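# What the coordinates show
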Amino acid sequence: MPELPEVETLRRQLKPLIQGRTIRGIEIFDTRLGDLSFLTGEVIETVNRVGKMLEFILSSRRALTFQLRMTGRLLWQEGYFIPSPHSRFALSFDTGTLELIDPRRFAVITLGDPMDFCPPLFPSEEDIPYIMSLAKRRKITIKELLLDQRLFPGLGNIYACEILHAAHLSPERKACDLSQESWHLIWEVATPILKKAISRRGTTVSDWRDLFGLEGENQRFLMVYARESKPCPRCGTPVVRKKIGGRGTYFCPTCQK
DNA sequence: ATGGTCTCCTGTCTGC
DNA sequence: TGCAGACAGGAGACCA
């Protein structure tokens with residue numbers, strides 16, 4: 001399930017391959033995506049990331065946006081193009097073909113106006129008072145709040161769990177109850193976690209592969225996510241998995257308070 | 001405005 | 001061994 005570090009990995013790998021290149025052909029294997037064949041001939045001006053979305057800015061000043069959701073993958077193929085199993089869509093360039101693979105067909109591709117800005121990896125420290133003031137009015141847990149894409153664009157289940165572990169905070173804490181100190185702790189740990197995950201080309205716990213079909217490396221460094229019953233690397237207590245806000249959540253019941 | 005539930009979808013896992 | 005049903009969950013729709 002591609003989150004910020006995974007989508008950023010795709011963006012960095014894809015940009016040099018397609019920037020300035022002309023779309024030579026489009027193949028749609030899943031009609032749910034709609035008819036995008038009229039994009040043939042467009043030039044990719046740049047490739048941006050907005051949260052978990054990948055955005056191709058086109059020469060017509062429109063933006064082609066990919067939301068990979070749960071099982072969406074992008075794969076780059078050179079030479080003769082052979083659609084993979086669960087292929088839904090392909091864009092061909094002189095240099096190769098970009099394929100959208102998505103067994104569960106949750107991914108969506110939309111054409112619209114370019115976003116006016118690309119958010120940073122994590123909100124600025126100056127935004128803490130604003131986010132605290134919003135959190136004060138919410139009854140949900142901090143874990144659920146971290147998944148709110150309007151506040152933390154790009155954050156998903158894996159990194160929300162890892163950030164809360166690094167900050168020694170229980171995912172069950174109510175967002176409205178967190179002290180300023182706790183919020184600063186979240187800020188302190190979040191960006192390094194995301195940066196490291198990007199440098200390791202993301203986290204492969206099941207489906208995730210990079211643009212060239214390779215697994216990421218970050219799964220080897222996870223502290224809690226997908227580590228149910230295994231010892232917390234910090235205190236040795238078995239990691240607990242619990243559903244919070246409908247999502248599987250991993251945490252250490254001893255050192256996350 | 002907020003929070004709860006449902007939907008989309010199919011591969012994989014679990015239990016009988 | 002085989003099959004049915006549960007489960008996985010990002011994000012949007014919908015309702016109270």
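About the cut-offs
- Residues numbered from 1 in each chain as written.
- Chains lettered and ligands numbered in written order.
- Predicted model: local features only at pLDDT ≥ 70, side-chain atom pairs only at ≥ 80, totals over all residues.
- Heavy atoms only, no water.
- Buried < 20%, exposed > 50% of the residue type's maximum accessible area, 1.4 Å probe, protein only.
- Helix = DSSP H or I, 4+ residues; strand = E, 2+ residues; numbered from the N terminus.
- Pairing = 2+ DSSP bridges.
- Axes fitted to C-alpha atoms, helices over the stretch in contact; angles between N-to-C directions.
- Parallel < 35°, antiparallel > 145°, perpendicular 65-115°, else oblique.
- Left-handed = near helix turned anticlockwise from the far one by under 90°.
- Contact = heavy atoms within 4.5 Å.
- Near = heavy atom within 4 Å.
- Polar contact = N/O pair within 3.5 Å; in protein donor to acceptor, adjacent residues only side chain to side chain.
- Nonpolar A, V, L, I, M, F, W, Y, C, P; charged D, E, K, R; others polar.

## A word on the pairing of strand β5 (residues 73–77)
- Of all 5 residues making up β5, 4 are buried, and the element is well covered by its neighbours.
- Here β5 pairs with strand β7 (residues 97–101) via 5 bridges, running antiparallel. Looking at β7, one finds that Leu-74 is bridged to Leu-100.

## Quick word on the packing of helix α4 (residues 157–166) against helix α5 (residues 180–199)
- In the contact formed by α4 and α5, the axes pass within 9 Å of each other and the chain directions differ by 135°. Comparing the axis directions of α4 and α5 gives the class oblique. Our pair here, α4 against α5, has a crossing hand that is right-handed. Listed contacts from α5 to Tyr-159, Glu-162, Ile-163 and Ala-166 of α4 are Ile-186, Val-189, Ala-190, Ile-193, Leu-194 and Ala-197.

## Some words on the protein's contact with DNA strand B
- Around DNA strand B, the neighbouring residues are Arg-32, His-86, Pro-103, Arg-104, Arg-105, Phe-106, Arg-137, Arg-138, Lys-139 and Ile-140.
- Of what DNA strand B places within 4 Å of the protein, 70% of the atoms are sugar or phosphate.
- Contacts to DNA strand B include Arg-105, whose side-chain N or O atom sits 3.1 Å from a phosphate oxygen.
- Between DNA strand B and the protein, one listed contact pairs a phosphate oxygen with a backbone N or O atom of Lys-139 at 2.5 Å.
- A class-by-class count of the residues in the surface near DNA strand B yields 3 nonpolar, 1 polar and 6 charged.

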